[in-house]
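# Chain and residue survey
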Amino acid sequence: FQDQAEQFFRSGHTNNWAVLVCTSRFWFNYRHVANTLSVYRSVKRLGIPDSHIVLMLADDMACNPRNPKPATVFSHKNMELNVYGDDVEVDYRSYEVTVENFLRVLTGRIPPSTPRSKRLLSDDRSNILIYMTGHGGNGFLKFQDSEEITNVELADAFEQMWQKRRYNELLFIIDTCQGASMYERFYSPNIMALASSQVGEDSLSHQPDLAIGVHLMDRYTFYVLEFLEEIHPASQTNMNDLFQVCPKSLCVSTPGHRTDLFQRDPQKVLITDFFGSVRKVEITTETLSLDRDVAGVESK
Amino acid sequence: QVQLVVPMAVVFGPGSVPEDLPRPLPFRDVQEMEISVNLRTSVTSRYEMRYRSTTGQEEAALAAATAREADAALYPLQDTTLGSLTMYVVPETSSLLPQGINVYVGKHRSALVRAVGSLAALQARLREVTQLMSFTASAIAAALSDRVPNGQLGPDARRNLKSSLGYEITFSLLNPDPKSHTVDWDIEGAVNRYVKPVLDKLSLVANFSVDSQILYYAVLGVTPRYDKESSSFLLSAHSLPHVINPVEARLGSSAASLYPVLNFLLYVPERSHSPLYIQDKDGAPVSTNAFHSPRWGGIMVYNVEAPASPQASFPLHVDVDMARVMEVFLAQLRLLFGLSREEVPPEFLLEGPGNEGLADWELDHLLWAHTVENIATVSTTLTSLAQLLDKIGNIVIKDDVASEVYRAVASVQRAVTKLSLGHLHAAFQASKEAVTSSERAFFDPSLLHLLYFPDDQKFAIYIPLFLPMAVPILLSLAKIARETRQRKKEPTKMD
């Protein structure tokens, strides 16, 4: 009884959110959209509903005129997995994916006319997964080939989120060249970060597909997707296993991670704490006794 | 910093006055207690007690047969402002309270307490009662949960719904098997008869909006096990967390409002999985056949009786017993707000709230917790806004943001003052205004730090433009200065 109760309440979160961002446009950056959609697919499969996912894709690959297989985005050259699916909901598309919009989503300083689906309505009991991919460098990430977000701005945005308690715990994953530089400047508590490569290293792409003509996915996210396909909502796999994904032999770059700001031991953090949506439930043992012979209140 | 004042009246019925009173009745007394949340934050609670003896009318009311009748008779004679309490002390041997019961808590803001020998013992008992009826130290600590050092609060503390200006309640009927069951539920009638009175009582706390929907072919995420002994299907307690997810994607929510949504789902199992029972941790079926999830809502499984004759035509028509369903849903609504009656000591007898859904003192409970939470939220928000403005020196504050900040500060000061005077209603209203203003100021779209460049970025942009231009300009200025100085010197020489 006691450990089940402990199990239920161990992480202290009551809901899950995911913010998935692909920052590059143009057909040859197909792999970045495929990366983001693979994470989107895993997160939906493990239970997070669309209303709790903010998906930002900077370009449309599935319906791109250069796509020989329209309405699909594949992750593997054997075309086994169409990560586009048939119920994808993109919240910020094309030119709406800007640094300003991204920061507005994170900090909540959004114009009042924005619809609910474009907002991050998290509270102090939300675990948020933030996944970013694209082209990056030492200390910055390129958006749309025209602007950048620096690691300082990102760290400040997370601090603004912490000040307003917009998250309980945050998992930040980035798949770009020199990705580890993006998490160097974080200083807010309860953040865990993973990156596909260290400073000075490039993240490489996985195999190209000769029919489609581009590289389909990046190595790090490819192996992360393979890892996530084994996870189901009740699995007990923890974060230490995720840190082992894609060793240097497979990835060529050295993935890095940062856990010093995180309060719990990564061994005890379940993958589903961030990628899935396992709710805490309690059996209802009380009832309210109602007097049935009561006339209704007139509806106005 | 924050003082919570509870005005209380302790009324001694005939024969219940303890011998060791320090002064003759009536007199006043104050009891203060400090609730320390962390090193810098603490809340003091102050019970201002007026001890007096009963008036003639109150004596007549206390002579009633049962505690409930006495409570009803005493209600019009009491001070019923929000936040105040009245305790009536009855003699030790009084038969008004049943055997073994020492305290009877009514539906409003009063309680009947059995006298104990000395004043100190009576005060200890009164303290227990008042803490139950107003606020406990743990309730206040839970309201300030983000200031408590991690690990000190129990897991239960962070479960209740956060204080918000409004809530959306959605009732959904899930019918996964429309070929077998045609389910009819009179949700509109049920909402008018059972839900509206409760929401009217809670309207002081927040605005509520109610909507309902019916979902067909919505299946639970877990396949129930068949149990041969009871020839029924069982859902075990540890599979319940996975039930909600596939359904949640289909529930939807109102696009316009940003308030938290509370979902109440009524699930009518398929004929092939009927009857379906929920098992608790010990394997026993749950009497309500329902479970809830903190800050989300509740699910109840409604079993349909198998048809009497095997030749019954499908689909069966099912008329849902809305009263039974609402008894569970409204109980879940209370639990989501944190109003539970589980931890009451055995010698206390609590009067049921009836169709109103919650007793007056439970409403006070919510108001105390929400007022404290609001005040804490406002101070955190304004402090972090000030820190942001310090960090980015050249941010432009629009006039309306500034006026919202001033209004928030004035409102929160008013809330704290009203709390120290014991006016709970006014304090709560002020705290709500403070939260609205501070959130509007903090989340104003113009305060995005990206829009205000740090100094090093300004240097980085302008130096490459101006430095190359500046070099020839400075050199020529230097040349002009040198020539002017030479010309000034020459006339003196050329004499």
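About the thresholds
- Residues numbered from 1 in each chain as written.
- Chains lettered and ligands numbered in written order.
- Predicted model: local features only at pLDDT ≥ 70, side-chain atom pairs only at ≥ 80, totals over all residues.
- Heavy atoms only, no water.
- Helix = DSSP H or I, 4+ residues; strand = E, 2+ residues; numbered from the N terminus.
- Rg over C-alpha atoms; globule rule 2.2 N^0.38 Å.
- Contact = heavy atoms within 4.5 Å.
- Lys, Arg positive; Asp, Glu negative; His and termini not counted.
- Charge placed at Lys NZ, Arg CZ, Asp CG, Glu CD.
- Buried < 20%, exposed > 50% of the residue type's maximum accessible area, 1.4 Å probe, protein only.
- Axes fitted to C-alpha atoms, helices over the stretch in contact; angles between N-to-C directions.
- Parallel < 35°, antiparallel > 145°, perpendicular 65-115°, else oblique.
- Left-handed = near helix turned anticlockwise from the far one by under 90°.
- Nonpolar A, V, L, I, M, F, W, Y, C, P; charged D, E, K, R; others polar.
- Pairing = 2+ DSSP bridges.
- UniProt positions renumbered as here; feature names shortened; annotations may be inferred.
- Polar contact = N/O pair within 3.5 Å; in protein donor to acceptor, adjacent residues only side chain to side chain.
- Core = buried A, V, L, I, M, F, W, Y, C linked by side-chain atoms within 4.5 Å.
- Patch = residues over 30% accessible without salt bridge, like charges linked within 9 Å, V, L, I, M, F, W, Y side chains within 5 Å.
- Areas by Shrake-Rupley, 256 points an atom, 1.4 Å probe, with all protein chains shown as cover.
- Salt bridge = Lys/Arg side-chain N within 4 Å of Asp/Glu carboxyl O.
- pLDDT = per-residue confidence, 0-100.
- Domains from an automatic or database assignment.
- Buried area = accessible area lost by both parts, 1.4 Å probe.
- Phe/Tyr/Trp six-rings, centres within 6.5 Å; stacked < 30°, edge-to-face > 60°.
- Disulfide = S-S within 2.5 Å.

### Digging into the overall build of chain B
- The helix and strand tally for chain B stands at 11 helices and 17 strands.
- The C-alpha radius of gyration of chain B comes to 33 Å, more than 25% above the 23 Å expected for a compact globule of 495 residues.
- Counting only C-alpha atoms, chain B reaches 130 × 80 × 35 Å along its principal axes.
- Nonlocal contacts in chain B, meaning residues at least 24 apart in sequence, comprise 75% of its contacts between residues at least 6 apart.
- Taken together, the 44 basic and 53 acidic charged side chains of chain B have centroids lying 11 Å from each other.

### Considerations on the overall build of chain A
- In terms of regular secondary structure, chain A is built from eight helices and 11 strands.
- The C-alpha atoms of chain A give a radius of gyration of 20 Å, which matches the 19 Å a tight globule of 300 residues would have.
- Seen through its principal axes, chain A has C-alpha atoms that stretch 75 × 45 × 35 Å.
- Put simply, chain A has 300 residues, and 63% of those count as buried.

### A short note on the packing of helix α8 (residues 360-391) of chain B against helix α10 (residues 424-442) of chain B
All names here are of chain B.
- Closest axis-to-axis distance for the α8/α10 pair is 9 Å, and the angle between their directions is 30°. What the angle tells us is that α8 and α10 run roughly parallel. Crossing geometry of α8 relative to α10 is assigned as left-handed.
- Looking at the contact of α8 with α10 residue by residue, the class counts come to 13 nonpolar, eight polar and three charged.

### Things to note about the sheet that holds strand β7 (residues 147-150) of chain A
Residue and element names in this part refer to chain A.
- Taken in spatial order, the three strands of this open sheet run β5-β6-β7, and their pairing is antiparallel. Each of the sheet's edge strands pairs with one partner strand only, and the pair in question is β5 (136-137) and β7.
- Here two bridges tie β5 to strand β6 (residues 140-143), and the two strands are oriented antiparallel to one another. The residue bridging G136 from the neighbouring strand is L141, located in β6.
- Along the sheet, helix α3 (residues 99-107) makes contact with β6 and β7, crossing β7 at roughly 35°.

### Regarding the UniProt feature "active site" (unreviewed entry) in chain A
Residues and elements named next belong to chain A.
- Listed under "active site" (unreviewed entry) in the UniProt record, and renumbered for this structure, are H135 and C177. Across 43 residues of sequence, these annotated residues stay compact in space, with a maximum C-alpha separation of 6.4 Å.
- For H135, the contacting residues outside a window of four places in its chain are T23, S24, N29, R31, H32, L141, K142 and T176.
- A distance of 2.9 Å separates the side chain of H135 from the side chain of N29, its partner in a polar contact.
- Mapped onto the fold, C177 is located in the loop between β8 (169-175) and β9 (191-195).
- By relative accessible area, C177 is classed as buried at 19%.
- For C177, the residues in contact, after removing those within four places along its chain, are G136, G137, S197, E201, D202 and S203.

### A short note on the nonpolar core
- B:F171 and B:M326 are the most contacted members of the largest nonpolar core, which has 100 residues in total.
- Each residue touching B:F171, except ones within four places of it in the same chain, is listed here: B:W185, B:I187, B:V191, B:V195, B:V210, B:D211, B:S212, B:Q213, B:F264, B:M326 and B:F329.
- Counting 52 residues, the second-largest nonpolar core is a separate cluster that includes A:F222, A:L242, A:V245 and A:I271.

### Notes on the pairing of strand β15 (residues 297-301) of chain B
All names here are of chain B.
- Counting buried positions along β15 yields five of five residues, so the element is predominantly enclosed.
- The side-chain alternation of β15 yields two buried faces, one formed by G297, I299 and V301 and the other by G298 and M300.
- With five bridges connecting them, strand β12 (residues 261-267) and β15 associate as parallel partners. Within the sheet, the bridge partner assigned to F264 lies in β15 and is G298.

### Here we look at a positive patch on the surface
All names here are of chain B.
- Taken together, the side chains of K479, R482, R485, K488 and K489 define a basic patch exposed on the protein surface.
- Secondary-structure assignment places K488 in helix α11 (residues 455-493).
- Take K488: its relative accessible area is 64%, and that puts it in the exposed class.

### Description of the pattern of salt bridges
- Taken as a whole, this structure holds 33 salt bridges over all chains when the rule is applied.
- The closest approach of N and O atoms between A:D124 and A:R125, which form a salt bridge, is 4.0 Å.
- Residue A:R125 is classed as buried on the basis of its relative accessible area, which comes to 5%.
- Here B:R407 ties to B:E404 by a salt bridge, and the two come within 3.9 Å at their closest N and O atoms. One end of the pair, B:R407, and the other, B:E404, are both in helix α9 (residues 399-421), three residues apart, so they sit about a helical turn from each other.

### A short note on the confidence of the model for chain B
- Residue-level pLDDT values for chain B average 85, and 95% of them are 70 or greater.
- On the interface metric, ipTM, the complex scores 0.84, and its pTM is 0.87.

### Some remarks on the domain arrangement of chain B
- Segmenting chain B into domains produces domain 1 (2-143), domain 2 (166-337), domain 3 (360-447) and domain 4 (453-494).
- A separation of 53 Å is found between the C-alpha centroids of domain 3 of chain B and domain 4 of chain B.

### Considerations on the interface of chain B and chain A
- Contacts between the two partners involve 77 residues from chain B and, on the opposite side, 58 residues from chain A.
- Across the interface of chain B and chain A, roughly 6,000 Å² is buried in total on both sides, 56% from carbon and sulfur atoms.
- At the boundary of chain B with chain A, the tally comes to six salt bridges.
- A salt bridge links B:E248 to A:R279; the nearest nitrogen and oxygen atoms lie 2.9 Å apart.
- The interface formed by chain B and chain A contains 18 residue pairs in polar contact (both at pLDDT 80 or more).
- Of all the secondary structure elements, the ones that give two or more residues to the side of chain B that touches chain A are α5 (187-202), α6 (244-251), β14 (290-293), α7 (322-337), α8 and α10 of chain B.
- If you tally residues by element for the side of chain B that touches chain A, the top one is α7(B), at 10 residues.

### Describing the UniProt feature "transmembrane region" (unreviewed entry) in chain B
- UniProt tags residues 459-478 of chain B as "transmembrane region" (unreviewed entry).
- This span, residues 459-478 of chain B, is 100% helix and 0% strand, and a straight line between its end C-alpha atoms measures 24 Å.

### Topic: the packing of aromatic side chains
Residue and element names in this part refer to chain A.
- Tallied over the entire structure, the rule returns 22 aromatic pairs over all chains.
- Taking 6.3 Å as the distance between ring centres and 55° as the angle between the ring planes, the aromatic pair formed by F262 and F274 counts as tilted. A residue pair is termed long-range when its members are at least 10 positions apart, and F262 in the loop between β10 (256-258) and α8 (272-275) and F274 in helix α8 qualify at 12 residues. Like F274, F262 is buried.

### Thoughts on the state of the cysteines
Residues and elements named next belong to chain A.
- Across all of its chains, the model carries one disulfide over all chains by this definition.
- Between the sulfur atoms of C246 and its disulfide mate C251 the distance is 1.6 Å. Of note, the bridge from C246 to C251 carries an S-S torsion of about 90° and is right-handed in sense. Just as C246 is buried, C251 falls in that class too.
- With no disulfide of its own, C22 has C177 as its nearest cysteine by sulfur position, at a separation of 14 Å.

### A word on a negative patch on the surface
- The grouping of B:D184, B:D186, B:E188 and B:D319 at the surface amounts to a negative patch.
- Of note, B:D186 is situated in the loop between β8 (181-184) and α5.

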